[in-house]
Structures are given as structure tokens and as C-alpha cells.
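Spelled out, the chains give:
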Amino acid sequence: MEQILADVDRLIVPALTHWSHPSFFAYFATSTSAPGMFGELLAAAFDNKAMLWRTSPASTELEEVALDWLRQMMGLDAGLTGIIYDTASVSTMHAIAAAREGMALRIREEGMSGRQDLPLLRVYASEQAHSSIDKAIITLGLGQRSLRKIPTDHEFRMDPEALASAIAEDKREGIVPFCIVATVGTTSTSSIDPVPAIVKVGEQHALWLHVDMAYAGSAAIVPEFRYLVKGCERADSVVVNPHKWLFTPFDLSVLYCRHLDLLRGAFSLVPEYLRTPEQEKVRSGSDYGIQLGRRFRALKLWMIIRYFGHKGLAARIREHCRLARMFASWIEQSQDWEMLAPLPLSLVCFRACPKVDGETKEVRAKRLDVLNEAIMHGVNAGGQALLSHTKLNDQLTIRLSIGNIRTTEKQVRQVWELLNEELGRLAFP
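Here goes a summary of the coordinates provided. (Residues numbered from 1 in each chain as written. Predicted model: local features only at pLDDT ≥ 70, side-chain atom pairs only at ≥ 80, totals over all residues. Heavy atoms only, no water.)

### Quick word on a nonpolar patch on the surface
- Taken together, the side chains of M1, I4, L5, V8, L11, I12, V13 and L16 present a nonpolar region at the surface, about 720 Å² in accessible area.
- You can see V8 is positioned in helix α1 (residues 2–12).
- The class of V8 is partly exposed, set by a relative accessible area of 32%. (Patch = residues over 30% accessible without salt bridge, like charges linked within 9 Å, V, L, I, M, F, W, Y side chains within 5 Å. Areas by Shrake-Rupley, 256 points an atom, 1.4 Å probe, with all protein chains shown as cover. Salt bridge = Lys/Arg side-chain N within 4 Å of Asp/Glu carboxyl O. Helix = DSSP H or I, 4+ residues; strand = E, 2+ residues; numbered from the N terminus. Buried < 20%, exposed > 50% of the residue type's maximum accessible area, 1.4 Å probe, protein only.)

Here it is in C-alpha cells:
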């Protein structure tokens, strides 16, 4: 074991992307915490397979307790019951499957292929929605043509009027709408869809509303960010990922669902060798998804909530948002940088924009895309910080996401200095 551990240090650690480094600002910055690591260690030692209540009573019941704590901290209503999956992609797929089950089209029994009686089913999401929506549609056999992307406004939020028009148009053409996916905290910009307005549209047509708040949901535990869940009292399902911004070791995604009977109806299958006397009185996780065996994920979340407490977790998220606002203020004060999206939480979208006299609009656009990509790669190549990018209004945009439990003002100032060093080297040689 001594030799193996030495080889881990020699071979593995240098080849890792260090997601738990305080200067990891790429994607949605995440980090683990000591209580979470202890929970993961204990879960690995116990090695429970939480498929039935009987195979792991503690795992099943602790999951219900921890997820109800989180629900209360976020301000979600008591009608939503939580269940743990691995990632938001899988949580969302199960939510859409439950929505489809609620249409009573006997898809579980008869499938979708070869049926003349089954019209095209439609799911709606914004142009900024996560690619996991597309993958869920593909996996469930609905096909990509079943997903209709709705335009967004100048702040990259779904346009409710465009949504209403799309639904009306589809109905006229014989297409059957059944699900809307709203996003609270989009991946590219952390924009927040107007959920209350989307609710009104959905209620007019009795559509299932799923809210993807995988990233931003954790911020709702902060009192001043409670507005994030406004409208979710109508939602049929909500997904939040504690492994994104609640310092929980990957992986742990929570689906809160208002209609567990539909979720169970879509997936429950109990062969004789899994039947137990108490099965109708207790909840077994395998009844609510495609997995049979399930890890004891709830233990690490339970330990984190107990260790930090509601106020402790909220204070750390609040500080991350302060650091992001500080970084954004430096951009706004500089003539060589500009913001490209609003800053609701802790994700900053920006780019370098040094002027060159006499260039056309097209030449400037191409030059700035090339420059910003080079700046980002230059910072990343140095190994002191990691950034990512997206495209907004067809402009290459640098993303800086603050969410690591160990990130302080020191790391934020350092990455600002690194960015300006690269700008100076590339644009002002």
C-alpha cells in the first residue's frame, strides 16, 4: 500500500484536473468538504445497497430526513418529496418520464414504436437550457424533434409569450404538449427563467412543470436569495445538486417531485426475489428509477448539514456571491474588459475588449473571439487557475464561477492579475 500511495502522488495527482482547488473557476465551481469526505468514507465502508428499505433501512430513512431538511432550508413547499439520483441529467430524465406517465398513454406497457395512435409529444425548454434535456428526450425514446427550444430575452431568460405561442401553434398542428422545463441558473450565464410567468402558461394547458435549478437551487438557502424558488410552489418537479454548491462530494443530485405515484408507476418493477413483507408500508428507492442498487449518498449530505448548519452554509454561499460582485466591479471599472451577462449569483460572464482604431465590426468581432480564447487558454496553461467559456450573442465569453469552499479574495485577485497579464502580453506586446 505504501508503494501504491506513492504512485498515486507520482502518477495520478499530477494528471488530475483539481476540481477542489480554490482557483478552480471553470464550469460551475464545486468542492468537497471534510464532513462530506467522512460521509463518503463511511458509506464506502458500510457498502450498503439501498435498493429496498430492508436492504438498508438507515439509508432509506436518512435520505428522507436529510432531503426534507434541505427542502425546508430552500423554502420549497411540503408537497415536494425528495429522492436522490447521481446527477441532474438523470434526475431530469426521471422527471420527464413521470410527466409522460401522467398522460396515461400506456407507454410503459406498449412502448412508443410502431403505434399509429400516438401523436408527437412535445417538451419545451429555453435556448439556454442544459443539454441534459436533449439527452433525456433521446434516452426516453421521444426523439430530438420532440424538444422545442424557446427564444430568450436580452438577459437570456425564457420568453413566456414565445412559449405560449409555441404551445398554441403545436396544438393547432396536432402535436401534444406535456412538459415545460424552466431553468433557474442556466449553465452559460446563470440566468433565471421567469418561473411565475411560465407557471401561468403551463396551467392554461395543464402541462407538467419541471424546474432545473441544479446550480442555483443551493443559493435559495440564503434568505436574500429565496426569490429563486418563487413559482416553484406550482412546479411538479425540481432538481437541485448539492454536489455543485453545497460542498458535497460528487455525486448527489436531488429530485423533488410532487407526484411520486407517477414516478413509481413509470419505474416500479418488483420480481419475486425482491418482494418483502413491508414493501407496501415503506419506500424503496429502486421503485423510483432505473437503478436497482443505490449508494448510501444521503449520509454525506446529512453530515454536511449537521456540521455547517443552515447559517454556516448560507454564509459561505453569500461570500461567494460577494466575491463575484467584487470581480465584476473590476471589469466594469476597466476600459479593456466588459460584462456580457447579468450577475444574479456567483457566475461572471465577461471578455476582454481592447479597442483598435479603424477596424470594421466584423474584423473586431473575430479579433476579440481569438483574443479571449487565447487569454483563457493562457491562464489555464499556467496551472494557477482554471476558467471555461461559452458563446453569448455569438461572442466568445469567458466564465468565472466561484463556488469552492476554500476560495478567498486572494484567489480572485490572483486570477484577475493573471487575466490582465495575458491581455497585456497578447493585445499590447
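### Examining helix α12 (residues 361–381)
- Taking 1.5 Å per residue, 21 residues should reach 30 Å; α12 reaches 30 Å between its end C-alpha atoms and fits that length.
- Taken together, the buried positions of α12 are occupied by L368, D369, L371, N372, I375, M376, G378, V379 and N380. (Expected span 1.5 Å × (residues − 1).)

### A short note on the sheet that holds strand β6 (residues 237–240)
- Spatially, seven strands are ordered β1-β7-β6-β5-β4-β2-β3 in an open sheet, and the strand pairing comes out mixed. The open sheet terminates on both sides in strands that have one partner only, identified here as β1 (81–85) and β3 (147–150). Each strand of the sheet is rotated relative to its neighbour by a mean of 20°, with strand direction disregarded.
- Here β6 pairs with strand β7 (residues 253–257) via four bridges, running antiparallel. Bridging from a neighbouring strand, S237 pairs with C257 of β7. (Pairing = 2+ DSSP bridges. Axes fitted to C-alpha atoms, helices over the stretch in contact; angles between N-to-C directions.)

### What to know about the pairing of strand β10 (residues 388–392)
- Burial along β10 is one-sided: the face carrying S388, T390 and L392 is buried and the face carrying H389 and K391 is not.
- Pairing of β10 with strand β11 (residues 395–401), which is carried by five bridges, proceeds in the antiparallel orientation. Its bridge partner being in β11, S388 is matched across the sheet by R399.
- Counting the residues between successive antiparallel strands, the hairpin from β10 to β11 contains two residues, one of them, N393, with a positive phi of roughly 50°.

### Focus on the environment of P194
- Here P194 shows up in the loop between β4 (176–183) and α8 (195–204).
- Residue classification places P194 among the partly exposed residues on the basis of a relative accessible area of 24%.
- Once the C-alpha coordinates of P194 and T183 are considered, the two residues, eleven residues apart in sequence, prove to be 8.8 Å apart.
- Other than its neighbours up to four places away in sequence, P194 contacts R157, M158 and P160. (Contact = heavy atoms within 4.5 Å.)

### Description of the side chain of N404
- Structurally, the position occupied by N404 is in the loop between β11 and α13 (409–427).
- What makes N404 buried here is its relative accessible area of 0%.
- Polar contacts involving the side chain of N404 include one to the main-chain carbonyl oxygen of S20, which spans 3.2 Å.
- Those residues in contact with N404 that sit more than four places away from it in its chain are W19, S20, H21, P22, A29, T30, S31 and H320. (Polar contact = N/O pair within 3.5 Å; in protein donor to acceptor, adjacent residues only side chain to side chain.)

### A closer look at the packing of aromatic side chains
- Taken as a whole and judged by the stated rule, the model has 14 aromatic pairs.
- In textbook terms, an aromatic cluster arises when at least three aromatic residues are bridged by ring pairs, as seen for F327, W330, W337, F350 and W416.
- Sitting over the ring of Y288, R283 keeps its end group 5.9 Å from the ring centre.
- The cationic tip of R399 hangs over the ring face of F28; the distance from NZ or CZ to the ring centre is 5.3 Å. (Phe/Tyr/Trp six-rings, centres within 6.5 Å; stacked < 30°, edge-to-face > 60°. Lys NZ or Arg CZ within 6 Å of the ring centre and 35° of its normal.)

### Comments concerning the sheet that holds strand β9 (residues 347–352)
- Overall, antiparallel pairing links the four strands, which are arranged β8-β9-β11-β10 in an open sheet. Each edge of the open sheet is held by one strand with a lone partner, namely β8 (337–339) and β10. Looking at each pair of strands side by side, their axes are set apart by 40° on average, direction ignored.
- Of the strands in this sheet, β8, β9, β10 and β11 are in contact with α12, which crosses β11 at around 30°.
- Sheet contacts for α13: β8, β9 and β11; angle to β8, the most-contacted strand, approximately 125°.

### Observations concerning the side chain of S126
- For S126, the location among the structural elements is in strand β2 (residues 121–126).
- A relative accessible area of 0% places S126 in the buried class.
- A distance of 2.9 Å separates a polar side-chain atom of S126 from the backbone nitrogen of Q128.

### Quick look at the environment of F156
- Locating F156 in the fold gives a position in the loop between β3 and α7 (160–172).
- On the basis of relative accessibility, which here comes to 5%, the residue F156 falls in the buried class.
- Note: C-alpha distance between F156 and K366 (210 residues apart in sequence) is 22 Å.
- Leaving out residues up to four positions away in the same chain, F156 has contacts with Q128, T189, S191, D193, L340, A341, L392 and N393.

### Considerations on the pattern of salt bridges
- All told, the structure shown has 32 salt bridges when counted by the stated rule.
- A salt bridge links K391 to D369; its shortest N-O distance comes to 3.9 Å. In this pair, K391 sits in strand β10 while D369 sits in helix α12, placing the two residues 22 residues apart along the sequence.
- The partner of R413 in a salt bridge is E409, with the nearest N and O atoms 2.9 Å apart. Of this pair, R413 and E409 are both found in helix α13, four residues apart, which corresponds to roughly one turn of the helix.
- Judged by relative accessible area, R413 falls into the partly exposed class, the value being 39%.
- Since its relative accessible area comes to 27%, E409 is described here as partly exposed.
- Through salt bridges that share partners, E40, D251, R295, R297 and K300 make up one connected network.

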